[in-house]
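Tertiary structure, described
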2 protein chains.
Amino acid sequence: MGPKLSISVDPKGDSTPSEQLASQVRFAIASGVLAPGERLPSVRQLAVDALVNPNTVGKVWRELEREGVLETRPGDGVFVASGALSRCRAARDLELSERLRVWLADARRAGLSSDQVTELFERLARARSVTQRTGGQR
Amino acid sequence: MGPKLSISVDPKGDSTPSEQLASQVRFAIASGVLAPGERLPSVRQLAVDALVNPNTVGKVWRELEREGVLETRPGDGVFVASGALSRCRAARDLELSERLRVWLADARRAGLSSDQVTELFERLARARSVTQRTGGQR
DNA sequence: GGAGCTGTCCTATCGTGCTAGGACGGCGCC
DNA sequence: GGCGCCGTCCTAGCACGATAGGACAGCTCC
């Protein structure tokens, strides 16, 4: 079933390729797709797969190491750090909360009532839980 | 009570100043803060208030005119077009739906269950409807 | 007519982030 | 030892958007 980690980057997406990469790795760890101790794709390999520059991947690997999420073994590769799971869950909760908070603020500024907001949410949440995967990853 | 339209731009925000500007104007119209026929701040005035370049404001004014949201009267100023309300409501619903859709997709990719998603939403929605205005506009 | 405002247009510059391509030292395996 | 892969580093270049500053024509009011 292909690679354990499937990462795709949209160069014209809302956020920068680096951020998309970092976020996807954190999410993969938080969801258990990537377990501590596991090895990540090499900088050059992922660069080919995700159609980004090796420098970009390397930069993200280094950034995530600073966060304590990844662990680099010189000459070998990068691996998921042991304490990564809790860190990534925390980061995930923080990021998702903040994004939802911003969305709610915008929705209210745009004139939607609490009821309209709730209704919209329930409609989309329900649609998603039924359809399962609809594509469109960020 | 100050200017009718209060617009603030965060140069380091998630989206570009142009997009923030355009979105805020559309939202203001959709919510009724800005009514059809009303006049918008001048390019130079808003540039000062929102701390952006006059060129940036002018670019947005022109873009919104192409959308049929604004109407420019040469030598006079720009005004909210007559059909702007419905257009902006449609644009608002589309934008908010799409953003929420992306958020839901990311939340699921990050390993949150439907219940966790719902719980998170209800917690934040409730907090906001109580606190009223918490600032942080995008 | 003249002053003061309006939006528009033009060229140049700057900042940021990704891209391109090459070079280095470290480690595993034969 | 030698080969291949690993992450890292360095210098250039490009793309995009915002910025800076000036110049123009149109409208309004005195």
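These numbers come from a predicted model, not from an experiment. (Residues numbered from 1 in each chain as written. Chains lettered and ligands numbered in written order. Predicted model: local features only at pLDDT ≥ 70, side-chain atom pairs only at ≥ 80, totals over all residues. Heavy atoms only, no water.)

With that settled, consider the interface of chain B and chain A. Many authors give the size of an interface as the accessible area that is lost as the parts come together. Contacts between chain B and chain A engage 36 residues on the former and 36 residues on the latter. Buried surface at the junction of chain B and chain A, summed over both partners, amounts to about 3400 Å²; 66% is from carbon and sulfur atoms. By the criterion of area lost to chain A, the three top residues of chain B are Arg109, Phe121 and Arg128 of chain B, representing 19% of everything that side buries. Viewed at the interface, chain A and chain B are joined by two salt bridges. Residue Arg99 of chain A is joined to Asp106 of chain B by a salt bridge in which the shortest nitrogen-to-oxygen separation is 2.8 Å. Of all the elements, helix α4 (residues 84–109) of chain B adds the most residues to the side of chain B that touches chain A, at 15 residues. Residue composition of the side of chain B that touches chain A, grouped by class: 16 nonpolar, 10 polar and 10 charged. (Contact = heavy atoms within 4.5 Å. Buried area = accessible area lost by both parts, 1.4 Å probe. Salt bridge = Lys/Arg side-chain N within 4 Å of Asp/Glu carboxyl O. Helix = DSSP H or I, 4+ residues; strand = E, 2+ residues; numbered from the N terminus. Nonpolar A, V, L, I, M, F, W, Y, C, P; charged D, E, K, R; others polar.)

With that out of the way, let us pick up helix α3 (residues 54–66) of chain B. All names here are of chain B. The first and last C-alpha atoms of α3 sit 19 Å apart over 13 residues, in line with the 18 Å expected at 1.5 Å per residue. Taken together, the buried positions of α3 are Val57, Gly58, Val60, Trp61 and Leu64. The arc that holds the buried residues of α3, viewed along the axis, is 160°, so those residues lie on one side. Counted as exposed and oriented over 90 degrees from the buried face of α3: Asn55 and Arg66. Turning to α3, the residues buried within the fold contact α1 (17–30), α2 (43–49), β1 (70–73) and β2 (77–80). Measuring from the backbone nitrogen of Asn55 back to the side-chain oxygen at the start of α3 gives 2.8 Å, which picks out Asn53 as the cap. (Expected span 1.5 Å × (residues − 1). Buried < 20%, exposed > 50% of the residue type's maximum accessible area, 1.4 Å probe, protein only. Arc of directions from axis to C-beta. Polar contact = N/O pair within 3.5 Å; in protein donor to acceptor, adjacent residues only side chain to side chain.)

Here the phi dihedral of Leu51 of chain A falls at roughly 60°; this positive angle occurs in a residue that is not glycine. Assessed through its relative accessible area of 77%, Leu51 of chain A is described here as exposed.

With 91% of its residues at a pLDDT of at least 70, chain A reaches an overall mean of 91. Between residues 133–138 of chain A, whose pLDDT stays under 50, and residues either more than four places distant or in other chains, the model counts 13 contacts. (pLDDT = per-residue confidence, 0-100.)

Before going further, it helps to spend a moment on the pairing of strand β2 (residues 77–80) of chain A. Residues and elements named next belong to chain A. The pairing of strand β1 (residues 70–73) with β2 spans four bridges and is classified as antiparallel. The residue bridging Leu70 from the neighbouring strand is Val80, located in β2. Linkage of β1 to β2, two consecutive antiparallel strands, is achieved through a turn of three residues, within which Gly75 is found at a positive phi near 80°. (Pairing = 2+ DSSP bridges.)

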